[in-house]
Amino acid sequence: MESHAGLAATPRALPYYVAFSQLLGLIAVATTGAWLGLYRGGIAWQGVLQFNVHPLCMVIGLIFLQGDALLVYRVFRNETKRTTKVLHGLLHVFAFIIALVGLVAVFDYHRKKGYADLYSLHSWCGILAFVLYLVQWLVGFGFFLFPGASFSLRSRYRPQHIFFGATIFLLAVGTALLGLKEALLFKLGAKYSTFEPEGVLANMLGLLLVGFGVTVLYILTRADWKRPPQAEEQALSMDFKTLTEGDSPSSQ
């Protein structure tokens, strides 16, 4: 695909993969709502329906919006780096707030019902994912959005930030699958093996979540689809290189 003067070319297949990821993500969110509406009575903050706030918020926040935040640097290839950083950070903020609502909902529901907390593998993985997500955002803000961080520190931390971002996203998808299985076994029990309609729909939801996660990770790991550095980023990189070699940028 040809680019305009001064603009980075967009790989031909990239928009199709991004569109496919969004289709999978939106269908997964809609399927979550359909599952909760058809088989779990809907959503409310009071009563037995309060629990249903939890899965919906987690799918929207820690999976769909987190996945979109990871894709920002692939989709917005010609905007300024600062603009892209702000959008990346804001999507993560929205994802965190929505996930926090889902977390409060489930703990409040358990408290009202007198149920035990944090005994299952799903809950352990969920708390781990949420805490790591918060730490990742705070550290990322300190390195990439806070003006005091040096260019050298950002360069050294960037690979770790990318790795842990993808890892936390994978952990969120896996935790959602554990939660789906747990919810189905609690309600359906032995009937789960008889292809109950709710079980089939929830299994389809699980496949959609896996498909979304795999597609996002594929886009992220394609080296030739990375956002190319812009002129001001290349200048900063050149200046940093000459400084570390003992020369002055102005001497070049």
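As annotated in an unreviewed UniProt entry, the chain is Transmembrane ascorbate-dependent reductase CYB561 from Lynx canadensis. Under Subcellular location (unreviewed entry), UniProt gives the following word-for-word description of the chain: "Cytoplasmic vesicle, Secretory vesicle, Chromaffin granule membrane". Recorded under Catalytic activity (unreviewed entry), the UniProt text for the chain is reproduced unchanged: "monodehydro-L-ascorbate radical(out) + L-ascorbate(in) = monodehydro-L-ascorbate radical(in) + L-ascorbate(out)".

Caption draft 1: A look at the overall build of the chain. Counting secondary structure elements, the chain contains seven helices and zero strands. Element order for the chain, N to C, with α for helix and β for strand: α-α-α-α-α-α-α. Here the chain, with 252 residues, has 40% of them falling under the buried criterion. For the chain, long-range pairs separated by at least 24 residues make up 72% of all intrachain contacts whose partners lie at least 6 apart in sequence. Of the accessible surface of the chain, which amounts to about 13,900 Å², a share of 71% is contributed by carbon and sulfur atoms.

Caption draft 2: Up close: the environment of Ala105. Counting through the fold element by element, Ala105 comes out in helix H3 (residues 81-113). Residue classification places Ala105 among the buried positions, given a relative accessible area of 0%. Spatially, the C-alpha atom of Ala105 lies 5.9 Å from that of His54, the residues being 51 residues apart in sequence. When residues no more than four places from it in sequence are discounted, the contact partners of Ala105 are Trp45, Gln50, Val53 and His54.

Caption draft 3: How the structure looks around the packing of helix H2 (residues 53-75) against helix H5 (residues 151-188). Between H2 and H5, the shortest axis-to-axis distance is 10 Å and the interhelical angle comes to 160°. When the axis of H2 is compared with that of H5, the two are roughly antiparallel. Along this stretch, H2 crosses H5, giving a crossing that reads as left-handed. Facing H2, whose interface residues are Leu62, Ile63, Gln66, Gly67 and Leu70, H5 presents Gly165, Ile168, Phe169, Ala172, Val173 and Ala176.

Caption draft 4: A look at the packing of aromatic side chains. Counted according to the given criterion, the structure contains 10 aromatic pairs. An aromatic cluster is built from Tyr17, Tyr218 and Trp225, whose rings are joined through pairwise contacts. Above the ring of Trp225, the side-chain terminus of Arg222 is found at 4.2 Å from the ring centroid.

Caption draft 5: Molecular detail of the UniProt feature "transmembrane region" (unreviewed entry) in the chain. Per the UniProt record, "transmembrane region" (unreviewed entry) is annotated on residues 16-37, 43-65, 86-107, 127-149, 161-180 and 200-220. Annotation note: span residues 16-37, helix share 100%, strand share 0%, distance between end C-alpha atoms 31 Å. In the segment residues 86-107, helix accounts for 100% and strand for 0%; the C-alpha atoms at its two ends are 31 Å apart.

Caption draft 6: Region of the structure containing a nonpolar patch on the surface. On the surface, a nonpolar cluster with roughly 400 Å² of combined accessible area is contributed by Trp45, Ile97, Leu100, Val101 and Val104. With respect to the helices, strands and loops of the structure, Val104 is situated in helix H3. A relative accessible area of 41% places Val104 in the partly exposed class.

Caption draft 7: Structural detail: H2. Of all the bends in H2, the greatest, near 30°, is centred on Ala69. Of all 23 residues making up H2, 21 are buried, and the element is well covered by its neighbours.

Caption draft 8: Seen up close, the environment of Val173. Structurally, Val173 can be placed in helix H5. In this view, Val173 contacts Ile63, Leu209 and Val210; residues no more than four positions away in its chain are not counted.

Caption draft 9: The arrangement of the pattern of salt bridges in detail. Using the criterion set out here, one finds five salt bridges in the structure. Among the salt bridges present, the one from Arg111 reaches Asp108, with a minimum N-O distance of 2.5 Å. You can see Arg111 and its partner Asp108 sitting in helix H3, three residues apart, about one turn around the helix. For Asp108, a relative accessible area of 15% gives the class buried. Close ionic contact of Lys187 with Glu198 constitutes a salt bridge, the shortest N to O distance being 3.1 Å. One end of the pair, Lys187, is in helix H5; the other, Glu198, is in helix H6 (residues 197-221), and 11 residues separate them in sequence. Glu198 gets classed as buried once you look at its relative accessible area, which sits at 4%. The network of salt bridges with common partners includes Arg40, Lys187 and Glu198.

How each quantity is defined
Residues numbered from 1 in each chain as written. Predicted model: local features only at pLDDT ≥ 70, side-chain atom pairs only at ≥ 80, totals over all residues. Heavy atoms only, no water. UniProt positions renumbered as here; feature names shortened; annotations may be inferred. Helix = DSSP H or I, 4+ residues; strand = E, 2+ residues; numbered from the N terminus. Buried < 20%, exposed > 50% of the residue type's maximum accessible area, 1.4 Å probe, protein only. Contact = heavy atoms within 4.5 Å. Areas by Shrake-Rupley, 256 points an atom, 1.4 Å probe, with all protein chains shown as cover. Axes fitted to C-alpha atoms, helices over the stretch in contact; angles between N-to-C directions. Parallel < 35°, antiparallel > 145°, perpendicular 65-115°, else oblique. Left-handed = near helix turned anticlockwise from the far one by under 90°. Phe/Tyr/Trp six-rings, centres within 6.5 Å; stacked < 30°, edge-to-face > 60°. Lys NZ or Arg CZ within 6 Å of the ring centre and 35° of its normal. Patch = residues over 30% accessible without salt bridge, like charges linked within 9 Å, V, L, I, M, F, W, Y side chains within 5 Å. Salt bridge = Lys/Arg side-chain N within 4 Å of Asp/Glu carboxyl O. Bend = angle between axes of the 7 residues up to and from the residue.

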